[in-house]
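# Overview (structure and organization)
Spelled out, the chains give:
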Amino acid sequence: MQAIVQPAAAHPALATTLAPKRAAQHLAQVSVLFALLYPTANHLTSLRSDIGRGVFDWEHAIPFVEWTILPYLSIFVLMPLSFFACRDAAALHLHTRRLLLALGLAVVAYAAFPLGFQSERPQPAGPLAPLFSLLWALDLPYNRSPSLHIAVLLLIWPLLLARLATPWQRCAAHAWLATIGVSVLTTYQHHVLDIAGGACVAGACIVLTGGGGHRAWRMVQAAMNSGSRLAPRAGA
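Residues numbered from 1 in each chain as written. Predicted model: local features only at pLDDT ≥ 70, side-chain atom pairs only at ≥ 80, totals over all residues. Heavy atoms only, no water.

## Here's the deal with the packing of helix α5 (residues 89-112) against helix α9 (residues 192-208)
Relative orientation of the contacting elements α5 and α9 amounts to 130 degrees, with a least axis distance of 9 Å. Considered as vectors, α5 and α9 are oriented oblique to each other. Taken as a pair, α5 and α9 cross one another with a handedness that is right-handed. From α5, R98, L101, A102 and L105 reach across to α9, where they touch V201, A204, C205, I206 and L208. Of the residues assigned to the contact of α5 with α9, the class counts are 8 nonpolar, no polar and 1 charged. (Axes fitted to C-alpha atoms, helices over the stretch in contact; angles between N-to-C directions. Helix = DSSP H or I, 4+ residues; strand = E, 2+ residues; numbered from the N terminus. Parallel < 35°, antiparallel > 145°, perpendicular 65-115°, else oblique. Left-handed = near helix turned anticlockwise from the far one by under 90°. Contact = heavy atoms within 4.5 Å. Nonpolar A, V, L, I, M, F, W, Y, C, P; charged D, E, K, R; others polar.)

## Some thoughts on the layout of surface pockets
By volume, the largest pocket amounts to about 630 Å³. If you go around the largest pocket, you meet 20 residues; those closest to its centre are F34, Y38, F76, D139 and H149. For the lining of the largest pocket, the elements supplying multiple residues, two or more each, are α3 (20-46), α4 (69-85), α6 (129-138) and α7 (148-162). Among the elements that line the lining of the largest pocket, the one with the most residues is α4, at 6 residues. Among the residues forming the lining of the largest pocket, the class breakdown is 16 nonpolar, 3 polar and 1 charged. (1 Å grid on protein atoms, 1.4 Å probe; cavity = no way out; pocket = protein on both sides within 12 Å on 5 of 7 lines; lining within 4 Å. Points joined across faces, edges and corners; volume = space filled by probe spheres on them.)

## Topic: the packing of aromatic side chains
Considering all chains together, one arrives at 7 aromatic pairs under this definition. For the pair F64 and F132, a centre-to-centre distance of 5.1 Å together with 50 degrees between the ring planes defines the contact as tilted. Highlighted residues: F64 in the loop between α3 and α4 and F132 in helix α6, separated in sequence by 68 residues. Both rings, one in F64 and one in Y188, keep their centres 5.3 Å apart while their planes meet at 75 degrees; by these two values the pair is edge-to-face. (Phe/Tyr/Trp six-rings, centres within 6.5 Å; stacked < 30°, edge-to-face > 60°.)

## Things to note about α6
Of the residues making up α6, those classed as buried are A129, F132, L135 and W136. The buried residues of α6 all sit within an arc of 125 degrees when viewed along its axis, so they share a single face. Within α6, the exposed residues directed more than 90 degrees away from the buried face are P130, A137 and L138. The inward-facing, buried residues of α6 contact α4. (Buried < 20%, exposed > 50% of the residue type's maximum accessible area, 1.4 Å probe, protein only. Arc of directions from axis to C-beta.)

## Side note on the pattern of salt bridges
Using the criterion set out here, one finds 2 salt bridges in the structure. Here D50 and R48 are joined by a salt bridge, their closest N and O atoms 2.9 Å apart. Residue classification places D50 among the partly exposed positions, given a relative accessible area of 44%. Linking D194 and R144 is a salt bridge whose minimum nitrogen-to-oxygen distance equals 2.4 Å. Here the residue D194 occupies a position in helix α9, and R144 occupies one in the loop between α6 and α7, the gap between them amounting to 50 residues. (Salt bridge = Lys/Arg side-chain N within 4 Å of Asp/Glu carboxyl O.)

## Overview of a nonpolar patch on the surface
A cluster of nonpolar residues, V32, L33, L36, L37 and L100, forms a patch on the protein surface that exposes about 400 Å² of accessible area. It is α3 that contributes the most residues to the nonpolar patch, 4 residues altogether. Along the polypeptide, L36 turns up in helix α3. (Patch = residues over 30% accessible without salt bridge, like charges linked within 9 Å, V, L, I, M, F, W, Y side chains within 5 Å. Areas by Shrake-Rupley, 256 points an atom, 1.4 Å probe, with all protein chains shown as cover.)

## Topic: the side chain of T186
With respect to the secondary-structure elements, T186 resides in helix α8 (residues 167-186). Given the relative accessible area of 4%, T186 is considered buried. Apart from residues lying up to four places away in sequence, T186 is in contact with P63, F64, V65 and T68.

From the geometry alone we can't say anything about function, so treat these as descriptive.
Here it is, written out as structure tokens:
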């Protein structure tokens, strides 16, 4: 007589309801790795002499929109929240693997294809100027393509949306998340090529962790469509 092994019994730690403590542990581990690898890659690229361009001429007409620093920086709040948005330990482990894979792919790309930001950055003088000064001091303009901001945004997007109950909440969340996507251009942090690279990294992370190519493409396509519809509003 053969023993029947239930999936939950085989992997009890991955089948339990998510505990906040477990989410906090994963968040801490991912945050440490991001804090170590991302600035290190940026610094190493800044020392190189073979930094490329990767920008279209028409991109220099993209306006600098000062207030979009707020949605841009909000991802540093939303990414931690995404760990607690996971419904169980299995979803948390999957989310952690995808974020770390995105970081790894991005760091490899930064080393293989070093690119620098090409548009001249203005000097903001308004109340948000200190935020730009802090951002540009900590984030050198060399971790360009793929945009890790975009990759992380696309990976946390469905997790955050799944926790919202009403249509108006989801619409508001879509609008804010799409604004984050646009903000990488209007804060003069990235070029269009970087956004495409970040979307590809997010899709690759989903496919490589068993998410399915069609699902990855639908998610990336929906997010990019939301961003393109919002772009004129951000540049107004």
